[in-house]
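Below, each chain spelled out in residue letters.
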Amino acid sequence: TATTTNNDADIQKLRKSLLRLAKRNLKFSYSGGPDKWRVEVPATSAEHFAALMGRPQDVALKTFVKEGAYYSEFANAQTFFQCDGKELVRFFSREGVGICIGEDITVKFKPSTMDLIVSGYGEIAM
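Residues numbered from 1 in each chain as written. Predicted model: local features only at pLDDT ≥ 70, side-chain atom pairs only at ≥ 80, totals over all residues. Heavy atoms only, no water.

> In this structure, what is going on with the overall build of the protein? I would like to understand it.
When you go through the protein residue by residue, the secondary structure sums to three helices and eight strands. In the protein, the order of α-helices and β-strands from amino to carboxyl end is α-β-α-β-β-α-β-β-β-β-β. Within the protein, the fraction of its 126 residues that count as buried is 37%. Taking the contacts inside the protein whose residues are at least 6 apart along the sequence as the reference set, 63% of them involve residues at least 24 apart. Of the accessible surface of the protein, which amounts to about 7600 Å², a share of 52% is contributed by carbon and sulfur atoms. Of note, the protein has its 17 positive side-chain charges centred 5 Å away from the centre of its 15 negative side-chain charges. (Helix = DSSP H or I, 4+ residues; strand = E, 2+ residues; numbered from the N terminus. Buried < 20%, exposed > 50% of the residue type's maximum accessible area, 1.4 Å probe, protein only. Contact = heavy atoms within 4.5 Å. Areas by Shrake-Rupley, 256 points an atom, 1.4 Å probe, with all protein chains shown as cover. Lys, Arg positive; Asp, Glu negative; His and termini not counted. Charge placed at Lys NZ, Arg CZ, Asp CG, Glu CD.)

> I keep staring at the pairing of strand β4 (residues 89–92) and nothing clicks. Help me out?
Residues in a regular strand point their side chains to alternate faces of the sheet. Here β4 pairs with strand β5 (residues 97–101) via four bridges, running antiparallel. Bridge pairing in β5 links Phe92 to Val97. Hairpin connection from β4 to β5: four residues lie between these consecutive antiparallel strands, with Gly96 at a positive phi of about 80°. (Pairing = 2+ DSSP bridges.)

Take a look at the structure:
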């Protein structure tokens, strides 16, 4: 249907934007190693959260685990962002190295405020 196709296109745009924001947040900590990163997206619907997690039919979020105010899920970065490993790297030419988004990320959704939080860690990539 047209609604599903439009929603799929919206989800793909959201994934791309989340990846771009996550890569922008990749940086080095004061100790010199890669720092943790976090992206917050306000006004995200439960439908978008379910679709991002690969369960678009579960709009009521019944198959998700709720911890306190948040639904929290772990995901593989390549699967979540639907890209290959090369697209997960931000290269810093001045330092001569890159930081790659770590394999495991955390995706949280707070239905009361409709906040989506995606967070993870970085790894050195040559």
